[in-house]
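One-letter residues, chain by chain:
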Amino acid sequence: MYGVQRLSLIGNDLTVWLLLLSCLLSGCQLGGEKSIQYGAFSCEGCIEALPINGWCESCSHGLVAGLVIPSRQFHEALDAHGHEVDTETILCNLCREVARQDQFCPRCRHGFVAGQLYFSELTWSLARGDSAPTDLSCSGCREHVGGLGDCKDCHRYWVGTVCFISTQDGRRAEQQYRRLLVALERLPGCSECAIGGFFGFQCRSCATEPIPNPLK
Amino acid sequence: MSRNSHLILFVCLVMFTAPVFAGGHLWDINELYSNFDGSIQFVELHVPMAAANETFMNNKFIRSLQTGEEFLFPENLSGSTSFAHLLIATQGFANLPGAPTPDYILQDNFMAVSGDTITWHTYDVWNYPSPALPIDGVMSIQKNLGTGQLILAANTPTNFSGDTGSVDAGGPPPPPAAPTASFSIDITSGETPLDVVFSDTSTGTIDSWSWDYGDNNGSGSQNPSHTYTSAGTYTVTLTVTNAGGSDTSTCTGCITVTDPPPPPSPSFIRGDANQDGTIDITDPIFSLTYLFSSGPADCLQALDANDDNGVDLGDAIYILTYLFGSGPAPTSPNPDCGQDSTPGGILDCTVFSGCP
């Protein structure tokens, strides 16, 4: 299971546990994120935020799959980590069913991985991968990390800093990642066009259409 | 116990005792209600699962796309949010008997009654009609939490404390009685062009008037006027309408319009073809010139010496016989100027210069 795999990466390093604790105290409800050093981010806050899709106070931006989210509002709306809920208490019949199968409920737009709830198809699909994995011994992967595509050497699929064993899972996450890129392009002009558009709403101010899902 | 073990124990203790914050993502729109004029409305949110920490509501919004109104949560919540409800309602709703106390007050006419898109932050959106927002004071749009389908049911507003109830804001007022149509006309007959003034005498509340003048023209004014330009008999119809219905009053054939009579012909002397005031040999010569050399003639009635309503060789012969034989004189008007005593026929007389 993905959650177990992520938990296994934590190991016994106390600094990782302290990092986990700090994230919990700063408002995140986490479930199995790990610590990792990625060369692209020199800021200590970013290094801590990267694997948990968190907010870097030092740089005042958030991270989701390695993408910089410059708007705190947008980053909070994405809320790109798992949430502990008792999935058997969910009143939506379909949600309860898909939660048992780690799937996405199109009715409520909630996804489930290892008993945790994700608030969008993006965060759910990313959660099915391995966020910022420690093992980058594969040279192909080192070329792909942070981008999009299939590592021909070890057949892992990269979506930003998230690595997928399943190409199908990777491509599904890629669709949502590309939608996020469209939203980030809109962000400087109108935050509602970006945030609302990403979540499927028409912008009230500009009447900009929602970002298609899937992208055409 | 090693130093590391103490630290792990400490971390675990903190993890299980520290407050765990979460967002407001798991709130969904659960019920929308409005009376007929939008003065009594509520939006109810709901957490449809055991999620106790959906408390971060500060500055999150509920918006109406149609009215442009926005409600912003002024604060975060405190208390468990598992299966909780939030009631945001107008003051008019709060004043109704049986209404649970709203958690927040919503501005009047927040939602458009006829159709709207209600957005709860980036988390949920409801569109109506489909189903349409009921405005009977009792029913509301609600979500079947098991299937996710939107349904119509008697309202069940519930606030964060769990207080629930049901209200009856009354339905829309009954429509007014249909009006009774009637009208009067200032003139019912005359020559073209005939100006007619129509006066509405209908009773009841009237929203609109529709006049049909019977000549393919009409008006939407209450008291219009119209000019008939063609002869004929016309039927006039007035239809008056309000929210309760319409009524029609018809006046069949009540306006008769005639063409004006032709202008009177000038006085002339029958047989005085050349219009010199006397009948002599020059007159049959004038007639023959008219007949056979296309000479001018302004008063054919004068040329019609034998009064047979035609101008031909017989008229010239008639004059010659009168002048040189024993033929009778031309009939009236003759020898004095005057009108044709036997009107009719097709002969015209536009000018006759032989009369004073």
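Here is what the cut-offs are and how they apply
- Residues numbered from 1 in each chain as written.
- Chains lettered and ligands numbered in written order.
- Predicted model: local features only at pLDDT ≥ 70, side-chain atom pairs only at ≥ 80, totals over all residues.
- Helix = DSSP H or I, 4+ residues; strand = E, 2+ residues; numbered from the N terminus.
- Buried ≥ 20, exposed ≤ 12 C-beta atoms within 10 Å, placed from the backbone.
- Contact = placed C-beta atoms within 7 Å.
- pLDDT = per-residue confidence, 0-100.
- Core = buried A, V, L, I, M, F, W, Y, C linked by C-beta atoms within 7 Å.
- Pairing = 2+ DSSP bridges.
- Axes fitted to C-alpha atoms, helices over the stretch in contact; angles between N-to-C directions.
- Parallel < 35°, antiparallel > 145°, perpendicular 65-115°, else oblique.
- Nonpolar A, V, L, I, M, F, W, Y, C, P; charged D, E, K, R; others polar.
- Expected span 1.5 Å × (residues − 1).
- Arc of directions from axis to C-beta.

1. Some thoughts on the overall build of chain A
Secondary structure summary: chain A contains nine helices and 11 strands in total. Buried positions account for 47% of the 216 residues belonging to chain A. Looking at chain A alone, contacts between residues at least 24 apart form 42% of all its contacts between residues at least 6 apart.

2. Concerning the confidence of the model for chain B
Residue and element names in this part refer to chain B. When pLDDT is averaged along chain B, the result is 90; 94% of the residues meet or exceed 70. Under a pLDDT of 50 for its full length, residues 1-22 has, in the predicted model, 22 contacts with residues more than four places off or in other chains. Across the interface, the model reports ipTM at 0.74; the global pTM reads 0.63.

3. Some words on the nonpolar core
With 87 residues, the main nonpolar core has L126(A), V159(A), L32(B), F42(B), V43(B) and I88(B) as its most contacted residues. If sequence neighbours within four positions are ignored, L126(A) has contacts with A65(A), A80(A), S131(A), V159(A), V162(A) and A173(A).

4. A short note on the sheet that holds strand 10 (residues 157-160) of chain A
Residue and element names in this part refer to chain A. Judged by pairing direction, the sheet is antiparallel, and its four strands sit side by side in the order 8-11-10-9 without closing on themselves. The sheet is open, and its two borders are formed by strand 8 (130-131) and strand 9 (147-150), each paired with just one other strand. Here strand 9 pairs with strand 10 via four bridges, running antiparallel. Paired with L148 across the strands is V159, a residue of strand 10. Here helix 8 (residues 167-186) sits on the sheet and contacts strand 9, strand 10 and strand 11 (162-164); the angle it forms with strand 10, its principal contact strand, is near 20°.

5. Comments concerning the sheet that holds strand 4 (residues 83-84) of chain A
Residue and element names in this part refer to chain A. Taken together, four strands build an open sheet; the order of strands is 4-7-6-5 and the sheet is antiparallel. Edge positions in the open sheet fall to strand 4 and strand 5 (104-105), since each of these has one partner strand only. Pairing analysis gives two bridges linking strand 4 to strand 7 (residues 116-118), with the strands arranged antiparallel. The residue of strand 7 that forms the bridge with E84 is Q116.

6. Side note on the confidence of the model for chain A
On average, residues of chain A score 81 in pLDDT, and 81% of them are at 70 or above. Counting interchain partners and residues more than four positions distant, the pLDDT-below-50 stretch residues 1-37 of chain A has 66 contacts.

7. Details of the packing of helix 3 (residues 282-293) of chain B against helix 5 (residues 313-324) of chain B
Residue and element names in this part refer to chain B. Across the interface, helix 3 lies against helix 5 with an axial gap of 9 Å and an inter-helix angle of 170°. On the basis of their axis angle, the class for helix 3 and helix 5 is roughly antiparallel. Residues D283, P284, S287, L288 and L291 of helix 3 touch helix 5, and the partners they reach there are L313, D315, A316, I319 and L320. Of the residues belonging to the contact of helix 3 with helix 5, the class tally is seven nonpolar, one polar and two charged.

8. Considerations on helix 5 of chain B
All names here are of chain B. Helix length check: helix 5, at 12 residues, gives a terminal C-alpha distance of 16 Å against a target of 16 Å (1.5 Å per residue), a fit within 8%. Here helix 5 has its buried residues at D315, A316, Y318, I319 and Y322. Down the axis of helix 5, the buried side of the element spans an arc of 155°, and every buried residue falls inside it. Away from its buried face by more than 90 degrees, helix 5 exposes L313 and F324. For helix 5, the secondary structure elements touched by its buried residues are helix 3 and helix 4 (300-303).

9. What to know about helix 3 of chain B
Residues and elements named next belong to chain B. Of all the positions in helix 3, only D283, P284, F286 and S287 are classed as buried. Buried residues of helix 3, viewed axially, fall in a sector of 155°; they line one side. Among the exposed residues of helix 3, those pointing more than 90 degrees away from its buried face are F292 and S293. Looking at the buried residues of helix 3, the elements they touch are helix 4 and helix 5.

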